[in-house]
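Geometric and topological summary
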Amino acid sequence: MAPTKTILKALAGEVQDTPPIWMMRQAGRYLPEYRATRAEAGDFLSLCYNSDLATEVTLQPIRRYGFDAAILFADILLVPQALGADLWFVTGEGPRLSTITQQSEFDALKGADDLHDTLAPVYQTVRNLASSLPSETTLIGFAGAPWTVATYMIAGRGTPDQGPAHALKEENRPLFEAVMNRLTDATIVYLSAQIESGAEVVKIFDSWAGSLKGQDFEDFAVAPTKRIIESLKVKYPNTPIIAFPREGGDGYIGFHEKTGADCVAIDNSVSPEWAAEHVQVSGCVQGNLASSHMVTGGEDLVRETKAVVEAFRKGPHIFNLGHGITPDADPANVQLMIDTVREA
Ligand SMILES: Cc1c2[nH]c(c1CCC(=O)O)Cc1[nH]c(c(CCC(=O)O)c1C)Cc1[nH]c(c(CCC(=O)O)c1C)Cc1[nH]c(c(C)c1CCC(=O)O)C2
């Protein structure tokens, strides 16, 4: 049956006069109602594991803006936590985890099938959303890609150059590959459970794909994504998958074909014209307005929004930012972007 929701139409390859729109981190600190619910939850992780409040913050940007998709509120680092890593967030700095640099630390992790006790509240959030979203809104689930999650697990925190993960890859290849394989298996299990719970689309966030060069990009960005997508497609052939190999550069070319992704999300280190010519020829693309326009607004926002819509007009396109909206963004600029897309 042909899809009726705008996001699903784009993912099926349909070219639409007005592209559907959603925004990475659309439920976030730039919204006063998010900050209020987060305060009620106590902290960010408590919010992720409180199904009622996580449902509430997922719905807030849908109510305020009528986005075409809602993305499950959770975090890519819940998977390492479910595998047994310690996880906490330092205010103003970001995530901290127990590190994996020794075989003994890897051996202490749980298996991919043991995630569900920890992640059950996330599946409940997905079920809540599946039954409460407006009928035209598509529900997107997600996970981090193995490489990106591994960079945090190995270093125990975010790093500017993913140095500790690159070092382990060079110095202890068997251990590095064991981490990657466990995360690939865990991602398949986790995304399967989200789909079973009602996610209509899933997205794989490889935020640090750009630091993998040459053969490493093929082995650790392309290959794990391909394995995840192949496994999911066997069980859920009708669930579209969005891949986001952020800052992949030339690696974006052929990413649909190499991995089987239905849509490739584009960051703003490449121009929409370049992405239309080299990536959209292979299928649906998502992106790629610079998130800084949500802070600065004005005529530049309007002009660049129109330029993104125009560049991708000839093929299937989902409008989005090139990366997540930042806490200093002005909610009024988000409305201006949406109005511009829908009038363009
Ligand atoms: C690398 C990464 C993480 N998390 C994520 C990624 C990949 C995408 C990207 O590159 O942004 C993905 C993510 N994180 C969050 C979502 C929910 C869905 C969405 O709104 O897009 C998604 C899809 C919520 C969140 N995840 C986080 C917040 C902010 C938490 C808060 O309320 O303080 C939100 C809304 C926290 C987080 N989570 C992570 C970091 C580095 C941080 C701290 C940085 C920061 O403070 O903004 C890990």
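Residue numbering note: each chain is counted from 1, following its sequence as written. Given that this is a predicted model, residues contribute local features only at a pLDDT of at least 70 and side-chain atom pairs are listed and counted only at 80 or more, while totals for whole chains, interfaces and linings are drawn from all residues. Note that the side-chain values use all heavy atoms of the structure and ignore hydrogens as well as water.

The criterion, for reference: UniProt positions are given in the numbering used here, feature names are shortened, and annotations may be inferred rather than shown by experiment.
Looking at an unreviewed UniProt entry, the protein chain carries the name Uroporphyrinogen decarboxylase, with the source organism given as Roseovarius phycicola. Taken verbatim from the UniProt record of the protein chain, the Catalytic activity (unreviewed entry) comment is "uroporphyrinogen III + 4 H(+) = coproporphyrinogen III + 4 CO2". Word for word, the UniProt comment on the protein chain under Subcellular location (unreviewed entry) is "Cytoplasm".

**As for the packing of aromatic side chains**
Basically, it comes down to this: Only the six-membered ring of Trp is used, alongside the rings of Phe and Tyr, when aromatic pairs are assigned; centres must lie within 6.5 Å, and planes under 30 degrees apart are stacked while those over 60 apart are edge-to-face, with the rest tilted. In DSSP terms, a helix is any run of H or I states spanning at least four residues, a strand is any run of E spanning at least two, and both are numbered starting from the N terminus. Burial classes follow relative accessibility: with a 1.4 Å probe on protein chains only, a residue under 20% of its type's maximum area counts as buried, one over 50% as exposed, and anything between as partly exposed. By definition, being over a ring means that NZ of Lys or CZ of Arg is both within 6 Å of the ring centre and within 35 degrees of the ring normal.
Counted according to the given criterion, the structure contains ten aromatic pairs. Ring centres of phenylalanine 44 and phenylalanine 89 lie 4.9 Å apart, and the angle between their planes is 80°; this geometry places the pair in the edge-to-face category. On the criterion of sequence distance, the pair formed by phenylalanine 44 in helix H3 (residues 44–49) and phenylalanine 89 in strand S2 (residues 87–90) is long-range, its members being 45 residues apart. On the basis of relative accessible area, phenylalanine 44 is assigned to the buried category, the value being 14%. Three or more aromatic residues joined by ring pairs form one cluster here, namely Tyr34, Phe44, Phe73 and Phe89. Here the guanidinium or amino end of lysine 203 rests over the ring plane of phenylalanine 244, the centre of that ring lying 4.7 Å away. The ring of tryptophan 208 has arginine 246 lying over it, and the distance from NZ or CZ to the ring centre is 5.1 Å.

**A closer look at the site of the ligand**
Applicable threshold: Only a single heavy atom is needed: when it lies within 4 Å of a molecule or strand, its residue is near that molecule or strand. Identification of polar contacts relies on pairs of N or O atoms within 3.5 Å, with a donor-acceptor requirement for protein atoms, meaning one able to donate a hydrogen and the other able to accept it, and with residues adjacent in sequence counted only if both atoms are side-chain atoms. In this analysis, the protein atoms alone were mapped onto a 1 Å grid. Cavities are point sets where a 1.4 Å probe fits without being able to get out; pockets are open sets with protein on both sides within 12 Å along at least five of seven lines; lining residues have an atom within 4 Å of a point. Cavities and pockets are treated as containing a molecule whenever more than half of the molecule's atoms lie within 2 Å of their grid points. Under the scheme applied here, ten amino acids are nonpolar (Ala, Val, Leu, Ile, Met, Phe, Trp, Tyr, Cys and Pro), four are charged (Asp, Glu, Lys and Arg), and all others, including Gly, are polar.
Near the ligand lie 22 residues; those nearest to it are Arg29, Tyr34, Arg38, Asp75 and Ser207. Between tyrosine 34 and the ligand, the recorded distance is 2.5 Å, taken from a side-chain N or O atom to an oxygen atom. Judged by its atoms lying within 2 Å of the grid points, the ligand is housed in the largest pocket. Its residues placed into classes, the shell around the ligand shows 15 nonpolar, three polar and four charged.

**A closer look at the layout of surface pockets**
Worth spelling out the cut-off: Grid points are joined across faces, edges and corners, and a volume is the space filled by probe spheres set on the points.
In this structure, the largest pocket spans a volume of roughly 1,400 Å³. Around the largest pocket sit 42 residues that line it, and Arg25, Arg29, Phe44, Asp75 and Phe89 are the ones nearest its centre. Put simply, the parts of the chain that give the lining of the largest pocket at least two residues each are helix H2 (32–41), H3, S2 and strand S3 (94–97). The greatest single-element share of the lining of the largest pocket, amounting to three residues, is contributed by S3. Its volume calculated, the second largest pocket comes out at about 230 Å³.

**Quick word on the state of the cysteines**
To keep things clear, this is the line we draw: We call a pair of cysteine sulfur atoms a disulfide whenever their separation is within 2.5 Å.
Within this structure, the stated rule accounts for zero disulfides. Of all cysteine sulfurs, the one in cysteine 284 lies closest to cysteine 263, which takes part in no disulfide; the gap is 3.7 Å.

**Looking at the sheet that holds strand S4 (residues 138–144)**
Cut-off, in case you're wondering: Strand pairing follows a simple DSSP-based rule, namely that at least 2 bridges must link the two strands. Only the contacting stretch of a helix is used when fitting its axis, a line to C-alpha atoms as for every element, and angles between N-to-C directions run 0 to 180 degrees.
Strand order in the open sheet made by the seven strands is S1-S4-S5-S6-S7-S8-S9, with parallel pairing throughout. This sheet does not close on itself; its edge strands, each paired only once, are strand S1 (69–71) and strand S9 (317–321). When strand polarity is set aside, the average angle formed by the axes of neighbouring strands in this sheet is 25°. Direction of pairing for strand S6 (residues 241–245) relative to strand S7 (residues 263–265): parallel, over a ladder of two bridges. The partner of isoleucine 242 across the bridge, within S7, is cysteine 263.

**Structural notes on helix H10 (residues 173–197)**
Quick reminder of the rule: For a helix, the expected span equals 1.5 Å multiplied by the number of residues minus one.
Between its first and last C-alpha atoms H10 spans 36 Å; for 25 residues at 1.5 Å apiece the expected length is 36 Å, and the two agree. Once H10 finishes, glycine 198 follows within two positions and takes phi at roughly 130°, a positive value.

**Observations concerning the pairing of strand S8 (residues 284–289)**
Selection criterion: Looking down the strands as they point away from you, a crossover is right-handed if its path from the first strand over the helix to the second goes clockwise.
Where burial is concerned, most of S8 is hidden: six out of the six residues are buried. Judged from the three bridges that link them, S7 and S8 form a sheet pairing that is parallel. When the bridges of S8 are listed, cysteine 263 appears paired with cysteine 284. You can see the chain leave S7, run along helix H13 (residues 272–278) and come back into S8, and the turn it takes is right-handed. One ladder, built from five bridges, connects S8 with S9; its direction is parallel.

**Side note on the environment of lysine 226**
Using the following cut-off: In this description, contact between two residues means that some pair of their heavy atoms is separated by no more than 4.5 Å.
Inspection of the secondary structure assignment puts lysine 226 in helix H11 (residues 215–235). Relative accessible area serves as the criterion here: at 33%, lysine 226 is assigned to the partly exposed category. Distance from lysine 226 to alanine 243, taken between C-alpha atoms, is 9.9 Å for residues 17 residues apart in sequence. Sequence-distant contacts of lysine 226, that is, excluding residues within four places in its chain, are made with Lys258 and Thr259.

**Regarding empty space enclosed by the protein**
The full count for this structure, using the stated rule, is two cavities of 30 Å³ or more. When its volume is computed, the largest cavity comes out at roughly 80 Å³. Around the largest cavity, the lining residues are Glu14, Val15, Gln16, Asp17, Pro19, Pro20, Val309, Phe312, Arg313, Gly315, Pro316 and His317. Considered class by class, the residues forming the lining of the largest cavity number six nonpolar, three polar and three charged. By volume, the second largest cavity is sized at about 30 Å³. For the second largest cavity, the full set of lining residues is Ile204, Asp206, Thr225, Ala243, Phe244, Pro245 and Phe255. Of all the elements in the fold, those that place two or more residues in the lining of the second largest cavity are strand S5 (201–206) and S6. Within the lining of the second largest cavity, the residues separate by chemical class into five nonpolar, one polar and one charged.

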